[in-house]
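# Coordinate inspection notes
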Amino acid sequence: MAELFSFPKVEFVGNKSLQAGDGFHYYNADEVVAGKKMSEWLKFSVAYWHTMDQRLVDPFGEGTATRPWDKEGEEGSMALALAKVDYMFEFLEKTGVEYFAFHDRDLAPEGNTLAETNANLDKVIDKIEQKMQETGKKLLWNTASLFTNKRFLAGGATSPFAEVFAYAAGQIKHSLDIAKRLGSESYVFWGGREGYDFLLNTDTKRELDHIAAFFKLAKDYANEIGYTGQFLIEPKPKEPTQHQYDFDAQTTIAFLKTYGLEDTFKLNLEGNHTYLAGHTYEHEVRFAREAGLLGSLDANMGDKLIGWDIDEFPNDIYEATLVMYEFLKNGGLPTGGLNFDSKPRRQSFEMDDLFYAHIAGMDIYAAGLKVAAKLIEDQVIENVLKERYASFDEGIGADFEAGKLTLKDLAEYAENKTDADINATSKSGRQEQIKQTLNNYI
Ligand code: XYL
């Protein structure tokens, strides 16, 4: 088959030239970092909905991009849906990305009934399965869109309408069948419309009970068909709803624990969502890691000046380093990866920009991985923490941590200390010095 893209296969070129676009400057698949090849640590994934389907619309204007596959069929046709698969797999081949991810509705048009929609979808899945066998490319995760179609205007699993709830369940069942069939490493639930727009017409308790029960039904079905991929929830605080139930990592962890779902799910954390929640990406990854619930990453970033989700390709070396620090502390992501839930900027509308954007995203995380590995090798942050918390390694602090003390014991110990005694034990936080050390590593 003739090549579909004129863009050459992307190879590692290093930093011989500093001009981007001629290949990878940092991502060197076989290079060993922290005991493993980069390609084993960094399981990159192309997002079907952006790379294949996104035409760079924004809330104020139509798409600016056309794609080479647009000529293969009418919008919304099966001909186009099937042709896109060829382009997707060549894109994976040329960029050296091993994984991809999709929503059910990214792949094929809907029919008049769920059964018709599933039949359309299965034709595309047949082709994807065949391509996966031919190329060895893998599915990082799949998911179901319970938010695009009008029927989901008030949510899917949290819809106040039982007909919609049942439809959503049917859609998830089929999506799990696909996950099993294609060996998807994880299965994602992003609750775009699982939340509320108006508190006074919403029975929040009932909706949360429903979605928790829905998740349990999904897990029961996965067990029944022998699908063992990791279930993931992707937090986002808002947009499209005013308030989403999976607001951020800690809210989602509390939800999972409230409903006894913490052994069923981990988290898929997306960079731009963390900004919308008023956090940093590394904050969210830290809290998920410490809860033992870090599952996968949607590698994108937001913009400090724009208030909505812009899904920008990652290009911030500080953020990539600090996220990779948490990632390495987690031992990587055994059943997850780095999915580029990202799109080029609206003015970067050419096909080559899609290649440049993925190269840049892979390079920034490869560079971040290398810096994070060096930080850990030199125990930079570990030493900061060791020194800062040293008073809990001996004396009263150690006795407290060992569970030997009551509140009364601590009160007796503190009773006759002066402020001068106590303040003399505080140490500088050294924030400026630590930041400069980080800069030196980068
Ligand atoms: C949109 C979300 C989705 C999920 C998958 O903000 O990031 O694209 O990643 O449904």
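Up top is the structure.
Now for a quick tour of the structure. (Residues numbered from 1 in each chain as written. Predicted model: local features only at pLDDT ≥ 70, side-chain atom pairs only at ≥ 80, totals over all residues. Heavy atoms only, no water.)

### Focus: the side chain of Asp341
Where we set the bar: Only DSSP runs of H or I covering at least 4 residues are called helices, and only runs of E covering at least 2 are called strands; the numbering of each starts at the N terminus. Think of it in three bands: residues with accessible area under 20% of the maximum for their type are buried, residues over 50% are exposed, and the middle band is partly exposed, with areas taken using a 1.4 Å probe on protein chains only. Positive charge is attributed to Lys and Arg, negative charge to Asp and Glu, and no charge count is given to His or to the chain ends. Salt bridge, as used here: a side-chain nitrogen of Lys or Arg that lies within 4 Å of a carboxyl oxygen of Asp or Glu. Think of a polar contact as two N or O atoms within 3.5 Å of one another; within protein, one of them needs to be a possible hydrogen donor and the other a possible acceptor, and neighboring residues in sequence only count if both atoms come from side chains. What makes two residues a contact is simply this: any of their non-hydrogen atoms within 4.5 Å.
Relative to the assigned elements, Asp341 resides in the loop between strand E12 (338–340) and helix H12 (351–377). In this structure, Asp341 is buried with no salt-bridge partner, the nearest side chain bearing the opposite charge being Lys236 at 8.0 Å. A distance of 2.8 Å separates a polar atom in the side chain of Asp341 from a polar atom in the side chain of His50. Filtering out sequence-adjacent residues up to four positions away, Asp341 remains in contact with Ala47, Trp49, His50, Glu234, Glu270, Asp298, Ala299, Asn300 and Asp311.

### Regarding empty space enclosed by the protein
Applicable threshold: A cavity here means a set of 1 Å grid points, computed over protein atoms only, where a 1.4 Å probe fits but cannot escape. A pocket is an open set with protein on both sides within 12 Å along at least 5 of 7 lines, and lining residues have an atom within 4 Å of a point. Grid points are joined across faces, edges and corners, and a volume is the space filled by probe spheres set on the points. Basically, the charged four are Asp, Glu, Lys and Arg, the nonpolar ten are Ala, Val, Leu, Ile, Met, Phe, Trp, Tyr, Cys and Pro, and anything else, Gly included, counts as polar.
Within this structure, the stated rule accounts for 2 cavities of 30 Å³ or more. Computed from the structure, the largest cavity encloses a volume of approximately 110 Å³. For the lining of the largest cavity, the elements supplying multiple residues, two or more each, are strand E6 (186–189) and helix H7 (204–225). When its residues are assigned to classes, the lining of the largest cavity shows 10 nonpolar, 2 polar and 2 charged. In this structure, the second largest cavity spans a volume of roughly 30 Å³. Every residue along the wall of the second largest cavity is listed here: Pro235, Lys236, Phe247, Asp248, Leu269, Glu270, His273, Thr274 and Glu284. Of all the secondary-structure elements, those providing two or more residues to the lining of the second largest cavity are strand E10 (265–270) and helix H9 (271–276). Partitioning the lining of the second largest cavity into residue classes produces 3 nonpolar, 2 polar and 4 charged.

### Here we look at unusual backbone geometry
The linkage connecting Glu239 with the following residue, Pro240, adopts the cis geometry, with an omega of 15°. Structurally, Pro240 can be placed in the loop between strand E8 (230–233) and strand E9 (243–244). Unusually for a residue other than glycine, Ala34 sits at a positive phi of about 45°. One non-glycine residue with positive phi stands out, namely Asp311, at about 50°. Here Asp311 lies in the loop between strand E11 (294–298) and helix H11 (317–329).

### Thoughts on the site of the ligand
Using the following cut-off: Throughout, the term near means that a residue has one or more heavy atoms lying within 4 Å of the molecule or strand in question. Method for areas: the Shrake-Rupley scheme with a 1.4 Å probe, in which residue coverage is limited to the protein chains shown.
Every residue lining the ligand is accounted for by Trp49, His103, Trp141, Trp190, Glu234, Lys236, Glu270, His273, Asp298, Asp309 and Asp341. Here an oxygen atom of the ligand sits 2.8 Å away from a polar atom, N or O, in the side chain of Glu234. Here an oxygen atom of the ligand and a side-chain polar atom of Lys236 are 3.1 Å apart. Here the ligand loses 93% of its free accessible area of 290 Å² to cover by the protein chains. Residue composition of the shell around the ligand, grouped by class: 3 nonpolar, 2 polar and 6 charged.

### So, the sheet that holds E8
Condition: Pairing between strands requires that DSSP locate at least two bridges from one strand to the other. As a rule, the C-alpha atoms of each element are fitted with a line to give its axis, helices using only the stretch in contact, and angles between N-to-C directions run from 0 to 180 degrees.
The sheet built from 8 strands closes into a barrel, its strands ordered E3-E4-E5-E6-E8-E10-E11-E12 with parallel pairing. Strand-to-strand twist across the sheet, computed as the mean angle between neighbouring axes with direction ignored, equals 30°. The strands touched by H7 within the sheet are E6, E8 and E10, with E8 carrying the most contacts at an inclination of about 160°.

### Examining the pattern of salt bridges
Taken as a whole and judged by the stated rule, the model has 25 salt bridges. A salt bridge links Asp86 to Lys127; the shortest N-O distance between them is 2.9 Å. Note that Asp86 is positioned in helix H3 (residues 78–95) and Lys127 in helix H5 (residues 114–135), a separation of 41 residues in sequence. For Asp86, a relative accessible area of 17% puts it in the buried group. Asp86 is the salt-bridge partner of Lys131, the closest N and O atoms lying 3.3 Å from each other. One end of the pair, Lys131, is in helix H5; the other, Asp86, is in helix H3, with 45 residues separating them in the sequence. Under the relative-accessibility criterion, Lys131 is labelled buried at 15%. Several salt bridges share partner residues, and in doing so they unite Asp104, Arg105, Glu110 and Arg151 into one network.

### A word on the packing of aromatic side chains
As a reminder, the rule being used: Stacked, tilted and edge-to-face pairs are distinguished by plane angle, under 30 degrees for stacked and over 60 for edge-to-face with tilted covering the rest, among Phe, Tyr and Trp rings (Trp via its six-membered ring) whose centres lie within 6.5 Å. Two limits define a charge over a ring: the Lys NZ or Arg CZ must be within 6 Å of the ring centre, and within 35 degrees of the ring normal.
Inspection of the entire model under this criterion finds 32 aromatic pairs. Ring centres of Phe147 and Trp190 lie 4.7 Å apart, and the angle between their planes is 75°; on these two criteria the pair is classed as edge-to-face. In this pair, Phe147 is assigned in the loop between strand E5 (138–143) and helix H6 (162–182) and Trp190 in the loop between E6 and strand E7 (195–196), connecting sequence segments 43 residues apart. Judged by its relative accessible area of 14%, Phe147 is buried. Using a relative accessible area of 17% as the deciding quantity, one classes Trp190 as buried. Geometrically, the ring pair formed by Tyr187 and Phe189 is edge-to-face, given 5.0 Å between the ring centres and 70° between the ring planes. Of the two residues, Tyr187 and Phe189, neither departs from the other in class, the shared state being buried. Among the aromatic residues, ring-to-ring pairing joins Phe165, Tyr187, Phe189, Phe214, Phe215, Phe231, Phe255, Tyr259 and Phe265 into one connected group. In this structure, Arg151 is placed above the aromatic ring of Tyr167, and the distance from its NZ or CZ to the ring centre is 4.0 Å. Directly above the aromatic system of Phe231 lies the positively charged group of Lys219, at a separation of 5.0 Å from the ring centroid.

### With respect to the environment of Gly361
Counting through the fold element by element, Gly361 comes out in helix H12. Gly361 sits in the buried class, given a relative accessible area of 0%. Along the backbone, Gly361 and Asn315 are 46 residues apart, and their C-alpha atoms lie at a distance of 6.4 Å. If we ignore the near neighbours within four places in the chain, the residues touching Gly361 are Phe44, Pro314 and Phe340.

Don't take any of this as a statement about function, it's just geometry.
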